[in-house]
Amino acid sequence: MEFYSHGKLLVSGEYVVLDGAVAFALPTAMGQSLHVAAIEEPILYWTSYDVDGQVWMQEQVAIEEIVNGTDRQESSYLQTLIDVLHAAHRQNPNVLIQQGGFRVESKLTFPRLWGLGTSSTWINNVAQWFGINPYQLLQESFGGSGYDIACAQFKSALLYQRTSPIQPKVDLVEFQPAFAQHIYFVYLNQKQSSKEAIAAYRTKKGEIAEQIQRITAISQLLVTANTREEFQALMTEHESILSTILGIPPIQQQLFADFDGAIKSLGAWGGDFAMAVAENDPTSYFQEKGYATVLPYAEMIAI
């Protein structure tokens, strides 16, 4: 059996998506595959590969231990593997109770440290394997808004609203802007923990009903923006609203004040990737500042 899930980028609605804002997200061309082969031995042999072919996780565990949710704290990777598969088993007990075990290989097509969804693509692949609700599996393991699960499933831009933790509203939208060649993604090389970022947001947010309403409108307007200038203005307004909620200066103000264009954080602020929109190719600008990885829209996004 072979499964595949797309990576994710959250263009708008970061943090406030947890409180009902409509978010705009894009699946990436890169993702993660999962190959599952049945074997006679009642053992799970699991190997995860990074994009360069290096093994970053290699574990084995008795199927019985997964079924029972055994505590194996000697390895954090092993414990997470048991916890996630045990949660999957609770949703569908039929997969693991059959005779024998499995040899599983998981392969990323993006560097693991890029933050494009190593966990979400894994969760969605496991959910496909078990034939279960991936949003429920996410809530019972890593938690989060779930937009990344939607990206994992669809090769389309989408508007996402967390109307329910396990049954969100996902609207697939057409997003093929005439200015796509002016959109770039810059790797900031500052890995962020989504759980920690969410916890920090929870401590800082106040009454934000009006901001949520405006972020929802911005998400919808970004999808239909006709010009680069309109798109940039919406990016800048979004950054300003989130800056006020979080009490953090926007990334452009912090690091790229002299940039000729607009830059927006994607996902957890200060983290993995930022989106830059400019009239001219900004690759040399970012490289001179020490940011070597700059990907054009057509290379990053599943189109």
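See the structure printed just above.
Residues numbered from 1 in each chain as written. Predicted model: local features only at pLDDT ≥ 70, side-chain atom pairs only at ≥ 80, totals over all residues. Heavy atoms only, no water.

Right, let's talk about the overall build of the chain for a bit. Scanning the chain from terminus to terminus reveals eleven helices and eleven strands. Since a compact globule built from 303 residues should have a radius of gyration of about 19 Å, the 20 Å found for the chain is in line with a globular shape. For the chain, the C-alpha atoms occupy an extent of roughly 60 × 40 × 35 Å along the three principal directions. Put simply, the chain has 303 residues, and 54% of those count as buried. Sequence-distant contacts in the chain: of pairs separated by 6 or more residues, those separated by 24 or more amount to 69%. (Helix = DSSP H or I, 4+ residues; strand = E, 2+ residues; numbered from the N terminus. Rg over C-alpha atoms; globule rule 2.2 N^0.38 Å. Buried < 20%, exposed > 50% of the residue type's maximum accessible area, 1.4 Å probe, protein only. Contact = heavy atoms within 4.5 Å.)

Quick look at the environment of Leu138 now. The residue Leu138 is located in helix α4 (residues 134-139) in this model. Residue Leu138 is classed as buried on the basis of its relative accessible area, which comes to 3%. Separated by 113 residues in the primary sequence, Leu138 and Ile251 place their C-alpha atoms 29 Å from one another. When residues no more than four places from it in sequence are discounted, the contact partners of Leu138 are Ile123, Gly143, Gly144, Gly146, Asp148 and Ile149.

Two strands in a sheet stick together by hydrogen bonds in their backbones, pointing the same way (parallel) or opposite ways (antiparallel). Taking strand neighbours across the sheet as the criterion, the four strands line up as β9-β10-β8-β11 in an open arrangement whose pairing is antiparallel. Only two strands of the sheet have a single partner each, and these edge strands are β9 (262-265) and β11 (294-296). For this sheet the average axis-to-axis angle between neighbouring strands, irrespective of direction, equals 25°. Bridge analysis of β9 against strand β10 (residues 273-277) gives four bridges, and the strand direction is antiparallel. When the sheet's bridge partners are listed, Ile263 is paired in β10 with Ala276. (Pairing = 2+ DSSP bridges. Axes fitted to C-alpha atoms, helices over the stretch in contact; angles between N-to-C directions.)

As a further point, take helix α7 (residues 209-224). Relative to the 22 Å expected for 16 residues at 1.5 Å per residue, α7 spans 24 Å between its end C-alpha atoms, a close match to the ideal helical length. Burial in α7 covers these residues: Ile212, Ile215, Thr216, Ile218, Ser219, Leu222 and Val223. Looking straight down α7, one finds that the buried residues subtend no more than 160° of arc, so they occupy a single side. Across from the buried face of α7, at angles greater than 90 degrees, the exposed residues are Glu210 and Gln213. Against the buried residues of α7 lie β1 (2-12), β2 (23-39), β6 (157-161), β7 (169-173) and α8 (228-246). (Expected span 1.5 Å × (residues − 1). Arc of directions from axis to C-beta.)

Counting through the fold element by element, Ser5 comes out in strand β1. Among the polar contacts made by the side chain of Ser5, one reaches the side chain of Asn124 at a distance of 2.8 Å. Excluding residues within four positions of it along the chain, Ser5 makes contact with Gly31, Gln32, Thr121, Asn124, Asn125, Gln128 and Ala152. (Polar contact = N/O pair within 3.5 Å; in protein donor to acceptor, adjacent residues only side chain to side chain.)

Another aspect to go through is the packing of aromatic side chains. Enumeration according to the criterion identifies 19 aromatic pairs in this entry. When the ring of Trp56 is compared with that of Tyr77, the centres are 5.4 Å apart and the planes differ by 75°; the resulting orientation is edge-to-face. Taken together, the positions of Trp56 in strand β4 (residues 55-62) and Tyr77 in helix α2 (residues 76-91) put the pair 21 residues apart, joining distant regions of the chain. Classification of Tyr77 as partly exposed rests on a relative accessible area of 34%. Look at Trp114 and Phe273: their rings are 5.5 Å apart centre to centre, the planes differ by 80°, and that puts the pair in the edge-to-face class. Pair noted here: Trp114 is in the loop between β5 (101-108) and α3 (118-130) and Phe273 is in strand β10, with a separation of 159 residues, a long-range link. (Phe/Tyr/Trp six-rings, centres within 6.5 Å; stacked < 30°, edge-to-face > 60°.)

Let's shift gears to the environment of Tyr4. Tracing the backbone through its elements, the reader meets Tyr4 in strand β1. Remark: the alpha-carbon pair of Tyr4 and Gln128, spanning 124 residues in sequence, is separated by 8.9 Å. Once you skip the residues sitting within four places of it in the chain, Tyr4 turns out to touch Ala29, Met30, Gly31, Gln32, Ser33, Thr109, Asn125 and Gln128. A polar side-chain atom of Tyr4 sits 3.3 Å from the main-chain carbonyl oxygen of Ala29. There is a polar contact of 2.9 Å between the side chain of Tyr4 and the backbone nitrogen of Gly31.

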